[in-house]
Amino acid sequence: MKIVFFTYSRHGCNTVRKIRNAFADAEQRAYTVERFCEQGFLPYEHPTETFYGKMFDWADAMIFVCSCGIAVREIAPFVKDKCKDPAVICIDDAGTYVIPILSGHIGGANSLARKIAETLCATAVITTATDVHNKFSPDAWAAKNNYVIGDMTVAKAVLAEMLEKNIPLICDLPVVSSYPNGVEPNSEGELGIYIGWKEKSPFIKTLHLIPRVLHLGIGCRKGTDAITIGKAVDMVLKNNCIDKRAIKQVASIDLKSDEAGLLEYCRVNQWQVTFYSASQLQAVKGDFTASSFVKSVTGVDNVCERAAMIGGDRLIVKKTPVDGVTVAIATENAEVCFE
């Protein structure tokens, strides 16, 4: 996590020091006016308009120790998207109140504010409606647990509706906690939440919360281009009603580690790709679709299924050949906990 602190007084510098100790594992920067600079603090860069924009793009969290008015004016030109903007928190000069002012849920500003308030023995001033009424925040929960939020417009509709009544929720994964306030296990209703990696919409308006738990194993002929690989994977996903956004990573044999098409396909989709040796793949236990030809070429009887299963726990799509590409998909044994 990358945190940047801003303060404009000597009291503010003392408050920043107290907070920094609570985030020792984070990459930190701290700025103040030049006359208060000492060890651990840097002077503000000029022009400040460019400086604050650079920090807005760099940081995961921006913490201002000053009035809310100053903080709002400095970040206002750079606010774009609640899914991408950093958490922004304002703390008064005496360290009495901690106020998240941007990205309270997805950016984590609300939870950061609570942690800072605990550190300072201060009061966290949380103003988001779901928090005030102790309701489930699907966007905050998704961000915390590394789930993909299917549609932010639907997410906003869910948050608004939840203030009036419980929202039905369908979950394809085992739920190992009680359901939070604001949702209930139910398949009835026009607006609802679906948690799972299937490409389905059980409600007229469905908020998809998609776990990144699928491991994609790929084998291919030498020289296969990225477009061919992409078409093959898309066909397999479509035929099995699997949401592409649930893919966590790609795996193959190390003989393919320099395949330009495979590398390009993973780069475009922003997926990590891992390559394993034939002996590593052969050591994977399970019932796989064996091929003597594949073994004669690679040294292992199956590439895609075994590669998928190194990171996964259960094979959900067995080896499927499409235009010289073989695809298999495994899932992790994921559980849902709302606590």
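These numbers were taken from a predicted model, which means no experiment stands behind them.

1. With respect to helix H4 (residues 109-120)
- Its 12 residues give H4 an end-to-end C-alpha distance of 16 Å, which sits within 8% of 16 Å, the value for a rise of 1.5 Å per residue.
- Buried within H4 we find Ala109, Asn110, Leu112, Ala113, Ile116, Ala117 and Leu120. All buried residues of H4 fall inside an arc of 155° around its axis, so they share one side.
- Buried-residue contacts for H4 involve helix H1 (10-20), strand E4 (61-65), strand E5 (87-91), strand E6 (97-102), strand E7 (123-124) and helix H5 (129-132).

2. Focus on the sheet that holds strand E9 (residues 167-171)
- Spatially, five strands are ordered E8-E12-E11-E9-E10 in an open sheet, and the strand pairing comes out mixed. Two strands lie at the open edges of the sheet, namely strand E8 (147-149) and strand E10 (183-185), each paired on one side alone. On average, each strand axis in the sheet is inclined to that of its neighbour by 30°, with strand direction left out of account.
- Of the pairings in the sheet, the one linking strand E11 (residues 191-195) to strand E12 (residues 205-211) comprises five bridges and is parallel in character. The residue of E12 that forms the bridge with Gly192 is Thr206.
- Seen against the sheet, helix H7 (residues 152-162) touches E8, E9, E10, E11 and E12 and runs at an angle of roughly 120° to E11.

3. Observations regarding the pattern of salt bridges
- Enumeration over the complete set of coordinates arrives at 10 salt bridges.
- The shortest N-O distance in the salt bridge between Asp234 and Lys244 comes to 3.4 Å. With Asp234 in helix H8 (residues 226-239) and Lys244 in the loop between H8 and strand E14 (247-253), this residue pair connects regions lying 10 residues apart in the sequence.
- Using a relative accessible area of 30% as the deciding quantity, one classes Lys244 as partly exposed.

4. Observations concerning helix H12 (residues 304-311)
- A large share of H12 lies buried, amounting to six of its eight residues.
- When H12 is considered as a whole, its buried residues turn out to be Cys304, Glu305, Arg306, Ala307, Ala308 and Met309.
- Structurally, H12 contributes buried residues whose contacts are with strand E13 (214-220), E14, strand E15 (272-276), helix H10 (278-282), strand E16 (314-322) and strand E17 (325-331).

5. Focus on the nonpolar core
- In this structure, Ile193, Ile195, Leu209, Leu216, Ile218 and Ile329 are the most contacted members of the largest nonpolar core, which totals 50 residues.
- Among residues more than four places away in sequence, those in contact with Ile329 are Leu214, His215, Leu216, Val236, Leu237, Ile242, Ala308, Arg314, Leu315, Ile316 and Val317.
- By size, the runner-up hydrophobic cluster in this structure holds 25 residues, among which are Phe23, Ala26, Ile89 and Ala113.

6. Things to note about the packing of H1 against H4
- H4 packs onto H1 with a crossing angle of 110° between their chain directions and a minimal axis gap of 9 Å. On the basis of the axis angle, H1 is roughly perpendicular to H4. Of H4, the residues touching H1 (which contributes Thr15, Lys18 and Ile19) are Ile116, Thr119 and Leu120.
- Its residues assigned to classes, the contact of H1 with H4 comprises three nonpolar, two polar and one charged.

7. Considering the sheet that holds E15
- The sheet built from five strands is open, its strands ordered E15-E14-E13-E17-E16 with mixed pairing. Each edge of the open sheet carries a strand with a single partner, namely E15 and E16. Averaged over all neighbouring strand pairs, the angle between strand axes comes to 20°, with direction disregarded.
- The sheet contact formed by E16 and E17 spans six bridges and is antiparallel. Considered in E17, the bridge of Thr320 is made with Val327.

8. Examining the packing of H8 against helix H9 (residues 260-268)
- It is the contact of H8 with H9, at a shortest axis distance of 8 Å, that shows an interaxial angle of 60°. Compared by their axis directions, H8 and H9 come out oblique. Read as a crossing pair, H8 and H9 show a hand that is right-handed. Across from Ala226, Ile229, Gly230 and Val233 in H8, the residues of H9 making contact are Gly261, Leu262, Glu264 and Tyr265.
- Looking at side-chain class alone, the contact of H8 with H9 contains five nonpolar, two polar and one charged residues.

Cut-offs and rules
- Residues numbered from 1 in each chain as written.
- Predicted model: local features only at pLDDT ≥ 70, side-chain atom pairs only at ≥ 80, totals over all residues.
- Heavy atoms only, no water.
- Helix = DSSP H or I, 4+ residues; strand = E, 2+ residues; numbered from the N terminus.
- Expected span 1.5 Å × (residues − 1).
- Buried < 20%, exposed > 50% of the residue type's maximum accessible area, 1.4 Å probe, protein only.
- Arc of directions from axis to C-beta.
- Contact = heavy atoms within 4.5 Å.
- Pairing = 2+ DSSP bridges.
- Axes fitted to C-alpha atoms, helices over the stretch in contact; angles between N-to-C directions.
- Salt bridge = Lys/Arg side-chain N within 4 Å of Asp/Glu carboxyl O.
- Core = buried A, V, L, I, M, F, W, Y, C linked by side-chain atoms within 4.5 Å.
- Parallel < 35°, antiparallel > 145°, perpendicular 65-115°, else oblique.
- Nonpolar A, V, L, I, M, F, W, Y, C, P; charged D, E, K, R; others polar.
- Left-handed = near helix turned anticlockwise from the far one by under 90°.

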